[in-house]
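Remarks on the overall topology
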Amino acid sequence: MPTRVWVALALLVAGVSFIAQNRVPVRIRWLAFSVTWPLWLALLVMLVVGVLIGVLARRRSAKRR
């Protein structure tokens, strides 16, 4: 198998392990809102927000060139 497949499998195992260990509900407060989510879901949402910010920033800088 190619190296990238092994890396993908290792990342998959690490991700599943992370989710299994971080199922504890956490309360998140932002302004007037309050939600209770599992920790892994809150971190996943923040990851997606960060990726979107990166994509939007990259598009803007690419248009300037």
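Below you will find a few notes about this structure.

Calculation rules
Residues numbered from 1 in each chain as written. Predicted model: local features only at pLDDT ≥ 70, side-chain atom pairs only at ≥ 80, totals over all residues. Heavy atoms only, no water. Helix = DSSP H or I, 4+ residues; strand = E, 2+ residues; numbered from the N terminus. Rg over C-alpha atoms; globule rule 2.2 N^0.38 Å. Buried < 20%, exposed > 50% of the residue type's maximum accessible area, 1.4 Å probe, protein only. Phe/Tyr/Trp six-rings, centres within 6.5 Å; stacked < 30°, edge-to-face > 60°.

1. So, the overall build of the protein
Secondary structure assignment for the protein yields two helices and two strands. For the protein, the sequential pattern of α-helices and β-strands runs α-β-β-α. Against the compact-globule benchmark of 11 Å for 65 residues, the protein has a radius of gyration of 17 Å, which places it well outside the compact range. Expressed along its principal axes, the backbone C-alpha trace of the protein runs to roughly 40 × 40 × 5 Å. Within the span of the protein, comprising 65 residues, buried residues form 3% of the whole.

2. Notes on the environment of Val-51
Inspection of the secondary structure puts Val-51 in helix α2 (residues 39-64). Taking the C-alpha atoms as reference points, Val-51 and Leu-41, ten residues apart in sequence, are found 15 Å from one another.

3. Observations regarding the packing of aromatic side chains
Going through the model one piece at a time under the given rule, you end up with one aromatic pair. Residues Trp-30 and Phe-33 carry aromatic rings whose centres are separated by 6.3 Å and whose planes lie at 20° to one another, so their mutual orientation is stacked. Judged by relative accessible area, which is 56%, Trp-30 ranks as exposed. A relative accessible area of 56% places Phe-33 in the exposed class.

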